[in-house]
Structures are given as C-alpha cells and as structure tokens.
Amino acid sequence: MNIIICENYQKASQKSAVIIKKLLKLKPNCKLGLATGSTPIGLYQELIRASDNNEISFKDVQTYNLDEYCNISIDNEQSYYYFMHKNLFHHIYINERNVHIPFARAGYEKEDCMTYNNLLNQNQVDLQVLGIGTNGHIGFNEPNTSFEQETFIVDLDLQTRLDNQRFFGSLEAVPTKAITMGIKNIMNAKHIVLIASGVNKAKTIKRLVEGSISEEFPASILKIHPNVDLIIDADAASELDK
Ligand code: F6R
C-alpha cells in the first residue's frame, strides 16, 4: 500500500481528485468504482469543480457503486442512489445508462446479486474509490466476511448501524440489510484509492497499516493488492507508529 498522509480532509480530497482526474484524462471511457458515506464528498466536490472547468469529462465514463441498502426506494434521501445523484451525478454530464448502482428488491435478492455480480465480472473497474468503516469494513463487507465473497446480501454489523444512525436519526431507522460488492469484486479493480479522515478512523487506520491480514478485519486484504493508494489526513494518521 502506498500511504499518503495529507494535512487535512480538504488536502486528502484534492489528492484523491488528482489521481482520478489523471485517469480520466488518460482513459476518458474508464470504469470508476464509487463509494458513498461522508468521506468521498470532498472528492466529489473536487471532481465537480474540474468538470465545470472542462478539465475532465464524464461523458464516456461508467460508474459502479459499491453498495445500497435493501428495500429502499431511490427517492429516499438515505438511499445511496439518492446520495450519488445529489453529491455527484446531478452536477456533472454523465450518461445515466453508464451509472450502475446495485439494488435488491424484496423477494428477488438472489437474482439481483447475480445480475450485479455478472455486470462486475464483465466490466473490470479501473479505479475503485473506498472509504473504511470503523470496524474495518470495505463496501459493506463486515468483519469475518470471506475474502472470496462476491456480491451478496449482508446483515449489517451493529457497529455499522451505530455509525450510520447519524444519517437516520435513530438506530431503529437504520436498515439491517444491504447489497454489496464482495471483497473479491473489490480486489478485482486495477487500482484502489482508499480515503480516510478524522480521529474516529485513527485506530482503524493503525490496525490496517500495522496489523496482520485477517478476515476479522476486511480491509486488511488490501495489503496484497498490487496497486492501492491509502490517502489519509493527519487525524486519521495520528495513531500510526512514528
Ligand atoms: C459506502 C461504503 C462504506 C463506507 C464506510 C465509511 O459506500 O461502502 O464502506 O465507505 O462505512 O463511511 P464514512 O465515509 O461515512 O465514514
């Protein structure tokens, strides 16, 4: 893993944007894997700015999101579909047909996982953006998920639901299930950019960088991927051995 420590969240967002802008210029029809959550919002703002300035174009870009809650409608403000349109897609010129966000319909979960997994197998992601859960999850691959796991329906960890209750107002309102790319799908990306910011991620980043590879800590598998940039701000880096 190539570890890049930035002064603050804004610098970390700018650094990750530089990497993505470079790819878009080199390969205008690239396939981008995208994440939701608080972390990539600054990155998306940088990309919107670059698109406004005609520095980059998303015209031929295809996107593949990591995950989505189960049984949530796309106009629910907490859906990841809504999040991606609000924070990125509505502000850039992108062909909606090139936007891929997984969904799992009640009663058709198996089929929907298979459909998304086939899509991923047919389209290798050039660059995957990741955040990391405080419990080490990537996508919604919670602790003790097999490293061989492909797209599946996950029972969300209590820790993940506690972390995400800030968006829903109460723990009861946080969905209990989600559809997510599996670790195997994530590892198939040619290049991975994991961003982390804030003191609440410091212990997680310490374990990622200094700990061993184990299914108990899903992000640890990234250590064997040949091309990972770990972009963290000073707060997230604050517990690392000097
Ligand atoms: C989001 C995702 C999650 C988040 C992680 C961190 O699509 O797959 O793994 O990246 O939960 O979330 P934030 O950025 O809100 O701390």
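So, how was this worked out
Residues numbered from 1 in each chain as written. Predicted model: local features only at pLDDT ≥ 70, side-chain atom pairs only at ≥ 80, totals over all residues. Heavy atoms only, no water. Helix = DSSP H or I, 4+ residues; strand = E, 2+ residues; numbered from the N terminus. Rg over C-alpha atoms; globule rule 2.2 N^0.38 Å. Buried < 20%, exposed > 50% of the residue type's maximum accessible area, 1.4 Å probe, protein only. Contact = heavy atoms within 4.5 Å. Areas by Shrake-Rupley, 256 points an atom, 1.4 Å probe, with all protein chains shown as cover. Near = heavy atom within 4 Å. Polar contact = N/O pair within 3.5 Å; in protein donor to acceptor, adjacent residues only side chain to side chain. Nonpolar A, V, L, I, M, F, W, Y, C, P; charged D, E, K, R; others polar. Salt bridge = Lys/Arg side-chain N within 4 Å of Asp/Glu carboxyl O.

It is not clear to me how the overall build of the chain should be interpreted in this structure. Could you clarify?
Scanning the chain for helices and strands turns up seven helices and 10 strands. Over its C-alpha atoms the chain spans a radius of gyration of 17 Å, differing by no more than 12% from the 18 Å that the globule rule assigns to 242 residues. Taken over the C-alpha atoms alone, the chain extends approximately 50 × 45 × 35 Å along its principal axes. When the 242 residues of the chain are sorted by exposure, 53% land in the buried category. Taking all contacts inside the chain whose residues are at least 6 apart in sequence as the whole, residues at least 24 apart take part in 78%. For the chain, the accessible area works out to roughly 11200 Å², and carbon and sulfur atoms hold 49% of it.

Would you mind showing me how to read the site of the ligand here?
The local shell around the ligand holds 14 residues, among which T39, D67, H137, G139 and K201 are the closest. Between the ligand and the protein, one listed contact pairs an oxygen atom with a side-chain N or O atom of R166 at 2.9 Å. One of the side-chain N or O atoms of K201 is found 2.7 Å from an oxygen atom in the ligand. For the ligand, the protein covers 93% of the area, taking 410 Å² as the surface of the free molecule. Grouping the constituent residues of the shell around the ligand by class yields three nonpolar, eight polar and three charged.

Any chance you could explain the pattern of salt bridges here in plain terms?
According to the stated counting rule, one finds 14 salt bridges in the structure shown. For K206, the salt bridge goes to E210, with nearest N and O atoms at 2.6 Å. Placement of the pair is K206 and E210 together in helix α7 (residues 202-210), with a separation of four residues, close to one helical turn. Bridged by salt links that share partners, the residues K21, K25 and E55 form one connected network.

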